[in-house]
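The residues making up each chain are set out below.
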Amino acid sequence: MESYRKELWFNTPTRRAFINITPEVEEGLAESGIAEGLALINAMHITASVFINDDEAGLHEDYENWLEKLAPHEPVSGYRHNLTGEDNGDAHLKRQVMGREVVVAVTGGRLDLGTWERIFYGEFDGRRRKRVLVKIIGE
Ligand code: ZN
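Residues numbered from 1 in each chain as written. Predicted model: local features only at pLDDT ≥ 70, side-chain atom pairs only at ≥ 80, totals over all residues. Heavy atoms only, no water.

In this section: the coordination of the zinc ion. In the first shell of the zinc ion, the protein supplies H81 (NE2), E86 (OE), E86 (OE), N88 (OD1) and H92 (NE2), at 2.1 to 2.7 Å from the metal. Spacing between the donor residues of the zinc ion along the chain follows H-x4-E-x1-N-x3-H. With relative accessibility at 36%, the residue E86 sits in the partly exposed group. With a relative accessible area of 3%, N88 lands in the buried category. (Donors = N, O, S within 2.8 Å, 3.2 Å for Na, K, Ca; no water. Buried < 20%, exposed > 50% of the residue type's maximum accessible area, 1.4 Å probe, protein only.)

Shown next, in the form of structure tokens:
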């Protein structure tokens, strides 16, 4: 069995962002030379997510609005977590809803995604360097 590991780094200029990372994951898969196996892609921070859905701007705006309703950033005093002096209580909750990782089958050297499925990095407390792990195993 072959094993491949890569870190993708991000530093979003905004607090929140959704980034299509499918091309970077495909690049990693090509580098790995693995044709049959599994790819795990996970955020390495507790205020960011990796998830799969449609690459459609309206949907991303819907996520933003929905997540702000569920866990509004303001007022930051509304979160017990922020009593630590942080202001990212909302970002921890948003990450929980959007998930930590995805696993994608690798078939014939390609990501075996559904027609409209794309892999996204979800940032909920950006403006600093953060990373995503890509781990691919197979043969
Ligand atoms: Zn925090």
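Moving on from the model shown.
To continue, consider a negative patch on the surface. A cluster of acidic side chains, namely E2, E36, D112 and E139, defines a negative patch on the protein surface. For D112, the position within the fold is in the loop between β6 (110-111) and β7 (118-123). (Patch = residues over 30% accessible without salt bridge, like charges linked within 9 Å, V, L, I, M, F, W, Y side chains within 5 Å. Areas by Shrake-Rupley, 256 points an atom, 1.4 Å probe, with all protein chains shown as cover. Salt bridge = Lys/Arg side-chain N within 4 Å of Asp/Glu carboxyl O. Lys, Arg positive; Asp, Glu negative; His and termini not counted. Charge placed at Lys NZ, Arg CZ, Asp CG, Glu CD. Helix = DSSP H or I, 4+ residues; strand = E, 2+ residues; numbered from the N terminus.)

Locating K94 in the fold gives a position in helix α3 (residues 89-98). A relative accessible area of 1% places K94 in the buried class. A distance of 2.4 Å separates the side chain of K94 from the side chain of E68, its partner in a polar contact. For K94, the side chain forms a polar contact with the side chain of D90, separated by 2.7 Å. (Polar contact = N/O pair within 3.5 Å; in protein donor to acceptor, adjacent residues only side chain to side chain.)

Here we take up the nonpolar core. Proteins that are soluble and globular tend to have nonpolar side chains buried together. Ranked by size, the top nonpolar core spans 21 residues in total, and within it I21, I41, I119, V132 and I136 carry the most contacts. When contributions to this core are tallied by element, the ones reaching two or more residues are β1 (2-10), α1 (22-32), β3 (37-43), β4 (48-53), β5 (101-107), β7 and β8 (130-138). Ignoring anything within four residues of it in the chain, the contact list for I136 reads E2, S3, Y4, G28, L29, S32, I34, L38, A39 and V106. Counting residues in hydrophobic clusters, the runner-up holds seven residues, among them Y63, L67, A91 and F120. (Core = buried A, V, L, I, M, F, W, Y, C linked by side-chain atoms within 4.5 Å. Contact = heavy atoms within 4.5 Å.)

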